[in-house]
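Here is what each chain is made of, one letter per residue.
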Amino acid sequence: MTSVVNTPSAVRPRRSRLSKLFHAVCYAPGATVCAIVILLMFVYAFVTPLFSQNPFEFAGMSVLDSFIPPMWMEEGMSDFPLGTDDQGRNLLTAMAYGMRTSIVVGILSVVIGLVLGGGLGLIAGFVGGKVDAFIMRVADVQLAYPALLLAMIIDGAARAALGAERNVTTAITIVVLSIGIAFWVQYARTIRSSVMIERDQDYVSAARITGRSNLSIIALHILPNVMAPVLVIATINLGIAIITEATLSFLGIGIPVTTPSLGTLIRNGNNFLQSGEWWISVWPCLVLVLFVVSVNILGDHLRDVYNPRLRGRS
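Residues numbered from 1 in each chain as written. Predicted model: local features only at pLDDT ≥ 70, side-chain atom pairs only at ≥ 80, totals over all residues. Heavy atoms only, no water.

Undergrad: Looking at this structure, how should I read the overall build of the protein?
TA: Helix and strand content of the protein: twelve helices and zero strands. Start at the N end of the protein and walk to the C end: the helices and strands fall as α-α-α-α-α-α-α-α-α-α-α-α. Out of the 314 residues belonging to the protein, those deemed buried represent 41%. Long-range contacts, defined here as pairs at least 24 residues apart, represent 68% of the contacts in the protein between residues at least 6 apart. In the structure as shown, the protein presents an accessible area of about 16,800 Å², 66% of it carried by carbon and sulfur atoms. (Helix = DSSP H or I, 4+ residues; strand = E, 2+ residues; numbered from the N terminus. Buried < 20%, exposed > 50% of the residue type's maximum accessible area, 1.4 Å probe, protein only. Contact = heavy atoms within 4.5 Å. Areas by Shrake-Rupley, 256 points an atom, 1.4 Å probe, with all protein chains shown as cover.)

Undergrad: What am I meant to see in the packing of helix H3 (residues 29-47) against helix H4 (residues 91-127) here?
TA: Helices that pack against each other are described as a pair by the angle of their axes relative to one another and the distance between those axes. Closest axis-to-axis distance for the H3/H4 pair is 7 Å, and the angle between their directions is 110°. Considered as vectors, H3 and H4 are oriented roughly perpendicular to each other. Mapping the contact onto sequence places Met41, Phe42, Tyr44, Ala45 and Phe46 in H3 and Leu91, Leu92, Met95, Ala96, Met99, Arg100, Ile103, Val104 and Ile107 in H4. (Axes fitted to C-alpha atoms, helices over the stretch in contact; angles between N-to-C directions. Parallel < 35°, antiparallel > 145°, perpendicular 65-115°, else oblique.)

Undergrad: Looking at this structure, I do not really get the confidence of the model for the protein. What am I missing?
TA: Any residue range with low pLDDT should be treated as having predicted coordinates unsuitable for detailed reading. With 86% of its residues at a pLDDT of 70 or more, the protein has an overall mean of 80. Model confidence for the protein, summarised as mean pLDDT per element, is weakest for helix H1 (residues 8-11) at 39 and strongest for H4 at 91. Low pLDDT, under 50, characterises residues 1-15; the stretch is placed with four contacts to residues that sit more than four places away or in other chains. Note on residues 310-314: pLDDT under 50 across the span, and eight contacts to partners over four residues away in sequence or across chains. (pLDDT = per-residue confidence, 0-100.)

Undergrad: Just checking my understanding: could you explain the pattern of salt bridges for this structure?
TA: Oppositely charged side chains can form a pair if their charged atoms are brought close together. Under the counting rule described, the total for this entry stands at four salt bridges. Between Arg137 and Asp140 there is a salt bridge; the shortest N-O distance is 2.9 Å. Here Arg137 pairs with Asp140, and both are found in helix H5 (residues 129-143), just three residues apart, close to one helical turn. The class for Arg137 is partly exposed, based on a relative accessible area of 46%. By relative accessible area, which is 31% here, Asp140 ends up partly exposed. (Salt bridge = Lys/Arg side-chain N within 4 Å of Asp/Glu carboxyl O.)

Undergrad: Sorry if this is basic, but what is going on with the nonpolar core here?
TA: A general trend in soluble globular proteins is that nonpolar side chains are found buried together. Counting 57 residues, the largest nonpolar core has Met99, Ile179, Tyr187, Val195, Ile222, Leu288 and Phe291 as its most contacted members. Per element, the largest residue contribution to this core is 13 residues, and it comes from helix H10 (residues 214-250). Ignoring anything within four residues of it in the chain, the contact list for Tyr187 reads Val110, Gly113, Leu114, Gly117, Gly118, Val230, Ile233, Ala234 and Asn237. Counting residues in hydrophobic clusters, the runner-up holds seven residues, among them Met136, Ala139, Trp184 and Ala188. (Core = buried A, V, L, I, M, F, W, Y, C linked by side-chain atoms within 4.5 Å.)

Undergrad: Whenever I open this one, H4 confuses me. Can you help?
TA: Every α-helix winds through 3.6 residues per turn, so residues three or four apart in the chain are directed the same way. Helix length check: H4, at 37 residues, gives a terminal C-alpha distance of 52 Å against a target of 54 Å (1.5 Å per residue), a fit within 8%. The backbone nitrogen of Leu92 lies 3.1 Å from a side-chain oxygen of the residue at the head of H4, namely Asn90. The positive-phi residue at the C-terminal boundary of H4 is Gly128, with phi of around 70°. (Expected span 1.5 Å × (residues − 1). Polar contact = N/O pair within 3.5 Å; in protein donor to acceptor, adjacent residues only side chain to side chain.)

Encoded structure:
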């Protein structure tokens, strides 16, 4: 005599999304390496400033130590393993401060894009009709502008409105908002498609029968079931947001040059490439590339994990 209780599916607890994510990362060598690299770079960016002087403050500069090459080169010094820049800043420490700023800007930009695009996507998918059509037409218009160009337009408009005199906090806020607004369309389209599928499921109908409000249904039932692909997009967009910030700062329209970020470090080092001080620009570029590539590879792997059609190919 068989029993339902003895079936494997009945006794095996369903793994949570977090355990599934952890299992997917740990048992994929490429994703594991990238996750470790990202973790180490987070530690480098947020722990190093706790034990070192800010090289962008006056006390952290020493003109007498300017243009010192990496320590394995002639005239290099062990106190400055990766060399110094034109202001005598230790590049090993300066990149930690710069990377911290870039990561914070990237994360905040992703959060803004996710909240804005996610909210509009939920409304468009659940309400439908003219509201859906209007939101999607606005998204179509924005897709006509590249994210970098749109961020430049928003940043330029903010500069015109606020004037040339802006403090660092205001400048960073404008960069964060510019990048976040430029990325909301991907989240809106993805969530809208998922919500349009989920809103017709039986569990949503059952929730309506019990008298739950639309807001409660969206928050408690639909939203948790549509977040997996959105989090994958957010992971990939983190790398894109950091590149966008670095590009804006390199062009001189993002974070001020007096504030550390990977973009400002690359911009500063670019002025000395022709004179032979290559390390000032190369090290921040390598750090930026390593972090973004690791984030993109991890995001691609997570996409494959949550996409049944791609599962097993990575």
